[in-house]
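Descriptive structure summary
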Amino acid sequence: MAAETFGRTAEDRAVTRFTLARGPLRVQVLDYGGIVSAIETPDRDGRRANVVLGLDAVADYETRSPHFGGLVGRYANRIAQGRFALDGRTYALPINAPPNAMHGGPRGFDRRLWRVASADGAHLTLARLSPDGEEGFPGNLDVEVTYALPEDGVLRIDYRARTDRPTVLNLTNHSYFNLAGEGSGDVMGHVVDVSADACLVTDAMQVPTGERRAVAGTPFDFREPTAIGARIRAGDPQLVLAKGYDHCFVLRGPSGTLRRAATCLEPASGRRLDIATTLPGLQLYSGNTLDGTLVGPSGRTYRSGDGLCFETQAFPDAPNHPDFPSTVLRPSETFASATTYRFSTV
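As a starting point, this report considers the structure included with it. (Residues numbered from 1 in each chain as written. Predicted model: local features only at pLDDT ≥ 70, side-chain atom pairs only at ≥ 80, totals over all residues. Heavy atoms only, no water.)

1. Concerning the environment of arginine 17
In this structure, arginine 17 sits in strand E2 (residues 14-22). Sequence separation between arginine 17 and proline 66 is 49 residues; the distance between their C-alpha atoms is 19 Å. (Helix = DSSP H or I, 4+ residues; strand = E, 2+ residues; numbered from the N terminus.)

In structure tokens:
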């Protein structure tokens, strides 16, 4: 495994970039934020390109990044009003997406330096202890995340965690994919299908209302392969609120088993991405808030719609919805989940 200095944090701590390689796939991961900073894979003609958005400097990841490639936690997505109750006690979290808490708070997991627990040519395990009270969450939480290339063309991310007090937990990777290549323009022509018959309806602040809406007959119907741009400008109130797709899809099949979640194809390059997960939800996000102020490694700016996120996760705001799959982790339990990203060409 190659390892090189990527830069230094504002606290003058060194950040290392690790390169995992197997067959045609090359993946770069930072020990800062567990960030997947690059994924290089060939197109149908063998031409290699990086297919995730990223930044060139640690300072940008610390202060400006919209979670590019990040290891998001303790709680991915939104918690309404930054509050939840657990075992009769109410916890207040920092409000960083007013009026809600978002992606673990102002200094969530993707804005922390992680310890390298183990590494070789095809796997990297990062670990850290999130102390009791960090960003308002209870319990000392021991977390390990492993990035591995178990076979040609496959990136697998495994998450494990234990706590010494009851807490809530929702971990994901926040990569923005552009299968035509980083900085190549928008992803509206990417063809997507999602293994879901329903998605979660959100309110004006993009917090789930609790309603599970059937996707049939709506712009959220990706049961058959459909270009992202085909219906993104439809006047559906949910698309208007989010300025595009930013919704959690209720995946088919039982949680805890690794099953198909989504497929994405970029027709011009022939690159295809197949995603499988053990988690109950998939947040599909079309990069709506990218505004041209960030410049990627290609030297090109990122604008709205230039990346597509497939965030495998528990449901947003689940601690405030008893009917959602539970995200409570207790000291007697071990949290474990897995997501795979399989790259191929057609």
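2. Digging into the nonpolar core
Among soluble globular proteins, nonpolar side chains are generally buried collectively. Residues Ile39, Tyr147 and Phe310 are the most contacted members of the largest nonpolar core, which totals 54 residues. Those residues in contact with tyrosine 147 that sit more than four places away from it in its chain are Leu20, Val29, Gly34, Val36, Leu71, Ala122, His123, Leu124, Leu126, Leu155, Arg156 and Ile157. (Core = buried A, V, L, I, M, F, W, Y, C linked by side-chain atoms within 4.5 Å. Buried < 20%, exposed > 50% of the residue type's maximum accessible area, 1.4 Å probe, protein only. Contact = heavy atoms within 4.5 Å.)

3. Quick look at unusual backbone geometry
With an omega dihedral of 5 degrees, the bond running from glycine 73 to arginine 74 counts as a cis peptide bond. Residue position: arginine 74 is located in the loop between strand E6 (71-72) and strand E7 (78-79). A cis geometry characterises the amide bond from proline 98 onward to proline 99, with omega recorded as 5 degrees. The phi angle at histidine 67 is positive, at roughly 70 degrees, despite the residue not being glycine. On the secondary structure map, histidine 67 appears in the loop between helix H1 (58-63) and E6. Within the chain, glutamate 135 stands out as a residue other than glycine whose phi angle is a positive 55 degrees. Counting through the fold element by element, glutamate 135 comes out in the loop between strand E12 (123-130) and strand E13 (141-148).

4. A closer look at the side chain of histidine 190
Its location among the elements puts histidine 190 in the loop between strand E17 (176-177) and strand E18 (191-194). The exposure class assigned to histidine 190 is buried, which follows from its relative accessible area of 2%. Looking at histidine 190, its side chain comes within polar contact range of the main-chain nitrogen of leucine 179, at 2.9 Å. Residue contacts for histidine 190: discarding those within four places in its chain leaves Asn178, Leu179, Ala180, Thr226, Ala227, Ile228, Cys264, Leu265 and Glu266. (Polar contact = N/O pair within 3.5 Å; in protein donor to acceptor, adjacent residues only side chain to side chain.)

5. Focus: the pairing of strand E25 (residues 281-285)
Counting buried positions over the 5 residues of E25 gives 5, a clear majority of the element. The alternating pattern of E25 places Gly281, Gln283 and Tyr285 on one face and Leu282 and Leu284 on the opposite face, and all of these are buried. Across 5 bridges, the pairing between strand E22 (residues 246-251) and E25 is antiparallel. Counted as the bridge partner of aspartate 246 is tyrosine 285 from E25. In the sheet, E25 pairs with strand E28 (residues 308-313) via 5 bridges, with the strands oriented antiparallel. Note that in E28 the partner of leucine 284 across the bridge is phenylalanine 310. (Pairing = 2+ DSSP bridges.)

6. Some thoughts on the pairing of strand E19 (residues 196-202)
Sheet faces and side chains relate simply in a regular strand, where the side chains alternate between the two faces. The buried fraction of E19 amounts to 6 of the 7 residues, a majority that puts the element mostly inside the structure. When E19 meets E22, the two strands line up antiparallel, connected through 3 bridges. From the neighbouring strand, alanine 196 faces E22, where its bridge partner is leucine 251. Note that E19 and strand E20 (residues 208-214) share 4 bridges and pair antiparallel. What sits directly across from cysteine 199, in E20, is arginine 213. In this structure, the hairpin formed by E19 and E20 is closed by a connection of 5 residues, where glutamine 206 is found at a positive phi of approximately 65 degrees.

7. A few points about the pattern of salt bridges
One pass over the structure, following the stated rule, counts 22 salt bridges. The residue aspartate 45 makes a salt bridge to arginine 47 at a minimum N-O spacing of 3.2 Å. Considered together, aspartate 45 and arginine 47 belong to a single accessibility category, that of exposed residues. Put simply, arginine 128 and glutamate 134 hold a salt bridge, and the shortest N to O gap is 2.9 Å. For the pair shown, arginine 128 and glutamate 134 are each scored as buried. Counted as one network, the salt bridges with shared partners bring together Arg112, Arg128, Glu134 and Glu135. (Salt bridge = Lys/Arg side-chain N within 4 Å of Asp/Glu carboxyl O.)

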